[in-house]
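One letter stands for each residue in the lines below.
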Amino acid sequence: EAGVAQSPRYKIIEKRQSVAFWCNPISGHATLYWYQQILGQGPKLLIQFQNNGVVDDSQLPKDRFSAERLKGVDSTLKIQPAKLEDSAVYLCASRFDRVSADTQYFGPGTRLTVL
Amino acid sequence: GDSVTQMEGPVTLSEEAFLTINCTYTATGYPSLFWYVQYPGEGLQLLLKATKADDKGSNKGFEATYRKETTSFHLEKGSVQVSDSAVYFCALSGGGSYIPTFGRGTSLIVHP
């Protein structure tokens, strides 16, 4: 079974520029998550999708971050404009359903550096 | 809201030593509890989980028991190997909401 795919793996941009990350979850997984992991900290949930609908985006900085999951499969996360404090690893994870006991499967992450 | 507290790292051990990484949680309801491991340059992967009180999760020699009375889910291994060097994250899901909550992570370094 193929895992969660993410691209790019690394991205370096200057502040005020825009950036987009892509995620392809495991086939058949209805629930998709985007996390921000700052160095030395645990993953922090940004947004959670169930199929193509948003379940929770309470921790997403909506003035600069946006995300979509068209057709309930792939997802993109965008930052516009980027700030220095956005430097982090952005993790995508998927789950068969949002039942609490289900395992999340994580992609390798995209490491963003904002200069 | 829900929260997870892990012991600070790094934890440095010699090969074959006993490992304990403490994890306590705060949540409403009856969450499921997880330990994830992150090897350098990789994403997180599930190590073990427990879905109800007194359940024991186990995998690759690691164990953790869901203790509702002490709200804890401590990770243990009887004999660590150099290949166990990684960052370990305690997490919960299904507490007060469907938002998964992670601890800060504990780095484990095992020397030969």
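For the structure itself, look to the data block above.
A. Looking closely at the side chain of Gln6 of chain B. Residues and elements named next belong to chain B. Tracing the backbone shows Gln6 in strand S1 (residues 3-6). The class for Gln6 is buried, based on a relative accessible area of 12%. Among the polar contacts listed, one links the side chain of Gln6 to the backbone oxygen of Tyr88, at a separation of 2.9 Å. At 3.0 Å, the side chain of Gln6 forms a polar contact with the backbone nitrogen of Cys90. Apart from the residues lying within four places of it in its own chain, the contact partners of Gln6 are Ile21, Asn22, Trp35, Tyr88, Phe89, Cys90, Gly103, Arg104, Gly105 and Thr106.

B. Geometry of empty space enclosed by the protein. This structure, assessed with the given rule, holds one cavity of 30 Å³ or more. Quantified by volume, the largest cavity comes out at close to 30 Å³. In this structure, the largest cavity is lined by Arg95 and Gln104 of chain A together with Phe34, Tyr36, Ala91, Leu92, Ser93, Pro100 and Phe102 of chain B. Every element with two or more residues in the lining of the largest cavity is listed here: strand S5 (32-38) and strand S10 (86-93) of chain B. The residue makeup of the lining of the largest cavity, split by class, is six nonpolar, two polar and one charged.

Conventions and cut-offs
Residues numbered from 1 in each chain as written. Chains lettered and ligands numbered in written order. Predicted model: local features only at pLDDT ≥ 70, side-chain atom pairs only at ≥ 80, totals over all residues. Heavy atoms only, no water. Helix = DSSP H or I, 4+ residues; strand = E, 2+ residues; numbered from the N terminus. Buried < 20%, exposed > 50% of the residue type's maximum accessible area, 1.4 Å probe, protein only. Polar contact = N/O pair within 3.5 Å; in protein donor to acceptor, adjacent residues only side chain to side chain. Contact = heavy atoms within 4.5 Å. 1 Å grid on protein atoms, 1.4 Å probe; cavity = no way out; pocket = protein on both sides within 12 Å on 5 of 7 lines; lining within 4 Å. Points joined across faces, edges and corners; volume = space filled by probe spheres on them. Nonpolar A, V, L, I, M, F, W, Y, C, P; charged D, E, K, R; others polar.

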